[in-house]
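Topology and contacts: notes
Okay, here's what each chain looks like letter by letter:
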Amino acid sequence: MTGDWFEETLHPGLHTRLRIDKLLYEGNSDLQHLILFENPEFGRVLALNGVVQTTERDEFIYHEMLAHLPLLAHGAAREVLIIGGGDGGMLEEVLKHQAVTRATLVEIDAGVIKFSKEYLRSICGNAFEDPRTEIVIADGVDHVETTEDRYDVVIVDSTDPIGPGEILFTERFYTACKRVLAPGGVLVTQNGVPFVQGDELRNTLAALKPLFADTSCYTATVPAYVGGCMAFGWATDDTDLRSVSLDALERRYAGAKLDTRYYTPAVHRAAFALPGYIAELIA
Ligand code: SAM
């Protein structure tokens with residue numbers, strides 16, 4: 001932080017400064033440093049260990065694309081696993097699907113959940129109190145290596161591959177994710193901004209490829225994650241899921257009665273059209 005500006009130093013050659021109009025909280029959980037402040041462009045901004053995690057104004061883009069896209073591609077998801085996601089924004093989107101009977105959130109840092117319930121209701125709503133929600137406080141890798149449960153959709157809503165999040169970008173973790181997927185299940189992952197974090201996407205796809213029949217990534221532009229569009233990893237053994245028709249997606253979207261501001265069935269289909277430099281990274 002510099003004066004009344006927050007400076008993100010995640011990328012060695014690109015630092016971003018966000019004005020702090022009001023500091024709402026700063027402190028440490030057992031595992032991480034948390035800061036929450038008001039910014040004129042983004043509303044409330046949450047950063048963990050100096051890295052922006054989510055903001056009130058643009059969270060809908062990230063959460064809708066990581067939740068609704070795999071759920072509507074699957075078409076009949078009942079059991080959903082979220083790894084990370086302590087701010088509750090992903091949980092809230094997943095629970096908008098009435099067909100989902102259980103959403104399990106595995107978060108390593110109980111402090112983030114406690115904090116979000118107090119300060120980020122505009123992002124998590126009442127998702128933590130939904131009877132279909134199951135919270136597990138654990139390292140995500142331990143859960144996927146040991147649970148007997150099976151999931152139709154696994155969403156990795158992680159921090160960047162630094163500190164506790166590092167393990168969530170490893171072959172060991174992806175192998176265990178495959179273990180917990182029900183037949184026809186799909187795994188999606190947060191993979192950063194490939195223009196500045198190309199290795200992250202390249203390494204994830206290289207690890208996923210030998211494990212699944214169909215792997216790729218899709219994109220969306222989330223303003224708070226600077227450096228261009230963001231990439232989300234995609235992995236499944238059902239090779240039809242990536243090409244569900246626009247008609248079918250529109251029917252599922254209407255049936256689910258979702259009220260979205262970024263996700264549309266047409267955006268869903270288009271998100272898999274990759275710019276050349278991203279296709280090259282995952283080739
Ligand atoms: N949308 C965000 C982004 O793109 O940066 C991620 C938000 S969410 C707050 C990330 C969460 O992942 C954090 O609360 C962090 O505590 C959690 N996390 C990090 N490593 C983890 C691990 N190994 N197992 C479970 N949760 C983890």
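One numbering rule holds for all chains: residues counted from 1, following each sequence as written. Since the coordinates come from a predicted model, pLDDT governs what is reported: local features require at least 70, and pairs of side-chain atoms require 80 or more to be given and counted, while whole-chain, interface and lining totals use all residues. Only hydrogens and water are set aside when side-chain values are computed; all heavy atoms of the structure are taken into account.

Some remarks on the site of the ligand
Note the following rule: Throughout, the term near means that a residue has one or more heavy atoms lying within 4 Å of the molecule or strand in question. Polar contact is defined as a pair of N or O atoms within 3.5 Å, subject to the rule that within protein one atom must be able to donate a hydrogen and the other to accept it, and that residues adjacent in sequence are counted only when both atoms are side-chain atoms. The accessible surface values rely on the Shrake-Rupley method and a 1.4 Å probe; as for residues, cover is taken only from the protein chains in view. Segments assigned H or I by DSSP are reported as helices when at least four residues long, segments assigned E as strands when at least two residues long, and all are numbered from the N terminus. Under the grouping applied here, Gly and all other residues not named as nonpolar or charged are polar, the nonpolar ones being Ala, Val, Leu, Ile, Met, Phe, Trp, Tyr, Cys and Pro and the charged ones Asp, Glu, Lys and Arg. Here the limits of each domain have been adopted from an automatic or database domain assignment.
Close to the ligand lie 26 residues; Gln-32, Glu-107, Asp-139, Gly-140 and Pro-164 are nearest. Between Gln-32 and the ligand, the recorded distance is 3.0 Å, taken from a side-chain N or O atom to an oxygen atom. Interatomic distance of 3.1 Å between a side-chain N/O atom of Tyr-225 and a nitrogen atom of the ligand. When the ligand sits alone it has 590 Å² of accessible area, and the protein chains cover 99% of it. Of all the secondary-structure elements, those providing two or more residues to the shell around the ligand are strand S6 (51–55) and strand S8 (102–107). Looking at the shell around the ligand, its residues break down into 11 nonpolar, 10 polar and 5 charged. Structurally, the shell around the ligand is a two-domain feature, drawing no fewer than three residues from each of domain 1 (5–55) and domain 2 (59–282).

A closer look at the side chain of Glu-79
The line we're drawing: Contacts were defined at the residue level, with two residues in contact if any of their heavy atoms lie within 4.5 Å.
Relative to the helices and strands, Glu-79 is located in strand S7 (residues 79–84). A polar contact is formed between the side chain of Glu-79 and the side chain of Arg-102, at a distance of 3.0 Å. Apart from the residues lying within four places of it in its own chain, the contact partners of Glu-79 are Thr-101, Arg-102, Arg-150, Tyr-151, Asp-152 and Val-153.

Description of a nonpolar patch on the surface
Selection criterion: Residues enter patches when they are more than 30% accessible in relative terms and free of salt bridges; like-charged ones are connected within 9 Å and nonpolar ones (Val, Leu, Ile, Met, Phe, Trp, Tyr) within 5 Å. The term salt bridge refers to a pairing of a side-chain nitrogen on Lys or Arg with a carboxyl oxygen on Asp or Glu at a separation within 4 Å. Burial classification: accessible surface area is computed with a 1.4 Å probe over protein chains only, and a residue below 20% of its type maximum counts as buried, one above 50% as exposed, and the rest as partly exposed.
Together, Leu-14, Phe-195, Val-196 and Tyr-277 make up an exposed nonpolar region whose accessible area comes to about 360 Å². Note on placement: Leu-14 falls in strand S2 (residues 14–19). Classification of Leu-14 by relative accessible area gives partly exposed; the value is 32%.

A short note on the domain arrangement of the protein chain
For clarity, the threshold we go by: Defined in terms of a 1.4 Å probe, buried area is the accessible area two parts forfeit on being brought together, summed over both.
Structurally, the protein chain comprises domain 1 (5–55) and domain 2 (59–282). In this assembly, 20 residues from domain 1 lie in contact with 21 residues from domain 2. Among the residues domain 1 hides against domain 2, the three largest losses belong to His-11, Gln-53 and Thr-54. Together they make up 23% of the total. There are 0 salt bridges connecting domain 1 and domain 2. Our count for the contact surface shared by domain 1 and domain 2 stands at 5 residue pairs in polar contact (both at pLDDT 80 or more). When contributions to the side of domain 1 that touches domain 2 are tallied by element, the ones reaching two or more residues are strand S1 (5–11), S2, strand S3 (22–28), strand S4 (33–39), strand S5 (43–48) and S6.

Description of the packing of aromatic side chains
The cut-off we apply is this: Any two of the Phe, Tyr and Trp rings considered here, Trp counted by its six-membered ring, make a pair once their centres fall within 6.5 Å; the pair's planes then place it as stacked at under 30 degrees, edge-to-face at over 60, or tilted in between. Over a ring means this: the NZ of a Lys or the CZ of an Arg is within 6 Å of the ring centre and within 35 degrees of the ring normal.
A complete count under the given rule lists 12 aromatic pairs for this structure. For the ring pair Phe-173 and Tyr-174, a centre distance of 5.8 Å and an interplane angle of 55° mean the geometry is tilted. On the accessibility criterion, Phe-173 (0% relative accessible area) is buried. A relative accessible area of 0% places Tyr-174 in the buried class. Where Phe-195 meets Tyr-277, the ring centres are 6.2 Å apart and the plane angle is 85°; that geometry is what we call edge-to-face. Note that Phe-195 is positioned in the loop between strand S11 (181–190) and helix H7 (198–208) and Tyr-277 in helix H10 (residues 276–282), a separation of 82 residues in sequence. Here Phe-195 falls in the exposed class, since its relative accessible area comes to 59%. Classification of Tyr-277 as partly exposed rests on a relative accessible area of 36%. Each member of the aromatic cluster is reached from another via a ring pair, and the members are Tyr-62, Tyr-218, Tyr-225, Phe-232, Trp-234 and Phe-272. The ring centre of Phe-60 lies 4.0 Å from the NZ or CZ of Arg-261, which sits over that ring.

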